[in-house]
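These are the residues of each chain, in order.
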Amino acid sequence: MQEIIQYFNGNPIIYKIFLSFIILLVYIKLIRITNKVLFKTIKDNGIYYTTRKRLYYLHSVILFVIFIILWSESRLDLTIYVGFISAGIAIALREIFTNIAALLIIVIQKPFEVGDRVIVNDHAGDVIDQKIFHFVIMEVTAKTDGEQCTGKIVHIPNNYIFLHPVSNANKGFGYIWNELEIRLTIDSEWEEAKAQLETIVKKHAEHITDEAKNKVHEASKKYMLHSQNLNPIVYVTVKDGFIKLTMRYLTEPRTSTITEDTIWREILLYVKENKAVTLV
């Protein structure tokens, strides 16, 4: 053993080559162990792939810095080495760090909670779980076609709250405005149709108005909400050769499709029985 030590002392280049080889073997073994642990603990393939790649970049940066220290003839200040390593960690794991920072924002400020209906980066759905690096939603279809569950589970990184607007239908006063557009021919009896549509929309939405007023009062303590007319209403406009009647009313986020279906059924029955009103 003493002879080996003396040999390495007399041949520093060979010593550095041997030590570099040992370090490389240890790092390869460490990477394999890390990948096995990640594979067993992370079930989502996308998250596993991203995390594995980030750790691979981190290992590469650290190994590069170690080799620089080993083969450099000059002795750099320790703070410079620490700076290199810190910069490498920050670059390789920046998404992980931003996801953790976003989790703190979600927990403290609560832009949404489990059970809320949200829209993030064109993905609409109900939040069903919150993880360290991402949250999970049960997707629903676009609002223009009515909100219905698609059955798809969407994993969204936490840092999306920094990059995209977050729309939450359950925050504020708990209701959303819905609008139905009814187009009539220009010669239809629009006054009679408007009166009937007002009757229909009040029948299905007016009971929400009193509840919404109370919730708006409570929400105004937290948000700068201006007073507005919460009663269901029907607007009349003329456009492109037809009369447009727009029904605007409050509804609960998860029952908007059901309410819309019920209202449309009554509208169609009314038009069917009234020959003076014709849909475009």
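Relevant structure appears above.
What you are looking at is a predicted structure, and each value in this text was computed from that prediction instead of being measured.

S.K.: What is the right way to read the packing of aromatic side chains from this model?
M.R.: Aromatic ring pairs: the centre-centre distance and the angle between the two ring planes describe each pair. Considering all chains together, one arrives at one aromatic pair under this definition. Plain terms: the ring middles of Phe112 and Phe135 are 4.6 Å apart, the flat faces sit at 50 degrees to each other, and that makes the pair tilted. Placement of Phe112 in the loop between α5 (94-109) and β1 (117-120) and of Phe135 in strand β3 (residues 134-140) is noted, with a sequence separation of 23 residues between them. For Phe112, a relative accessible area of 3% translates into the label buried. Lying over the aromatic face of Trp177, Arg248 brings its terminal NZ or CZ to 4.0 Å of the ring centre.

S.K.: Would you explain empty space enclosed by the protein in this entry?
M.R.: Applying the stated criterion across every chain yields a total of one cavity of 30 Å³ or more. Its boundaries defined by the atoms lining it, the largest cavity holds a volume of some 30 Å³. Lining the largest cavity are Ile182, Leu184, Ala193, Leu197, Leu245, Ile267, Tyr270, Val271, Val277 and Leu279. For the lining of the largest cavity, the secondary structure elements donating two or more residues are β6 (176-185), α7 (190-219) and α8 (256-273). Its residues placed into classes, the lining of the largest cavity shows ten nonpolar, no polar and no charged.

S.K.: I keep staring at the side chain of Asp116 and nothing clicks. Help me out?
M.R.: Residue position: Asp116 is located in the loop between α5 and β1. Within polar-contact distance, the side chain of Asp116 engages the backbone nitrogen of Glu113 at 3.0 Å. Beyond its immediate chain neighbours, meaning those up to four positions away, Asp116 contacts Gly125, Asp126, Val127, Asn168, Asn170, Lys171 and Arg254.

S.K.: Would you mind going over the pattern of salt bridges with me for this structure?
M.R.: Opposite charge on two side chains permits them to pair, given that their charged atoms come into close proximity. Evaluation of the coordinates by the stated rule reveals eight salt bridges. Glu181 is the partner of Arg183 in a salt bridge, and the nearest nitrogen-oxygen pair spans 2.6 Å. A relative accessible area of 39% means that Arg183 is categorised as partly exposed. On the accessibility criterion, Glu181 (36% relative accessible area) is partly exposed.

S.K.: Quick question: what am I supposed to make of α5 here?
M.R.: At 3.6 residues per turn, the α-helix brings residues three or four places apart onto the same side. With 16 residues, α5 extends 22 Å between its outermost C-alpha atoms, agreeing within 8% with the 22 Å of an ideal straight helix rising 1.5 Å per residue. When α5 is considered as a whole, its buried residues turn out to be Ile96, Asn99, Ala102, Leu103 and Ile106. For α5, the arc enclosing every buried residue in end-on projection is 120 degrees, short of the 170-degree limit, so these residues lie on one face. Across from the buried face of α5, at angles greater than 90 degrees, the exposed residues are Leu104, Ile108 and Gln109. Count one or two residues on from α5 and you reach Lys110, which has phi positive near 55 degrees.

S.K.: Looking at this model, I keep getting lost on the layout of surface pockets. Mind explaining?
M.R.: A water-sized probe, rolled over the atoms, reveals where empty space remains. Its boundaries defined by the atoms lining it, the largest pocket holds a volume of some 270 Å³. The wall of the largest pocket is formed by 15 residues, among which Ile47, Thr50, Glu95, Asn99 and Pro157 lie closest to the centre. Elements supplying a minimum of two residues to the lining of the largest pocket: α3 (45-71), α5 and β4 (149-157). Here the lining of the largest pocket takes five residues from α3, the largest share from any one element. Here the residues of the lining of the largest pocket sort into five nonpolar, seven polar and three charged. Lining the second largest pocket are Thr41, Ile42, Lys43, Asp44, Ile47, Thr51, Lys131, Ile132, Phe133, His134 and His155. Residue classes in the lining of the second largest pocket are distributed as four nonpolar, four polar and three charged.

Scoring rules and cut-offs
Residues numbered from 1 in each chain as written. Predicted model: local features only at pLDDT ≥ 70, side-chain atom pairs only at ≥ 80, totals over all residues. Heavy atoms only, no water. Phe/Tyr/Trp six-rings, centres within 6.5 Å; stacked < 30°, edge-to-face > 60°. Helix = DSSP H or I, 4+ residues; strand = E, 2+ residues; numbered from the N terminus. Buried < 20%, exposed > 50% of the residue type's maximum accessible area, 1.4 Å probe, protein only. Lys NZ or Arg CZ within 6 Å of the ring centre and 35° of its normal. 1 Å grid on protein atoms, 1.4 Å probe; cavity = no way out; pocket = protein on both sides within 12 Å on 5 of 7 lines; lining within 4 Å. Points joined across faces, edges and corners; volume = space filled by probe spheres on them. Nonpolar A, V, L, I, M, F, W, Y, C, P; charged D, E, K, R; others polar. Polar contact = N/O pair within 3.5 Å; in protein donor to acceptor, adjacent residues only side chain to side chain. Contact = heavy atoms within 4.5 Å. Salt bridge = Lys/Arg side-chain N within 4 Å of Asp/Glu carboxyl O. Expected span 1.5 Å × (residues − 1). Arc of directions from axis to C-beta.

By themselves, these are just geometric observations and shouldn't be taken as functional.
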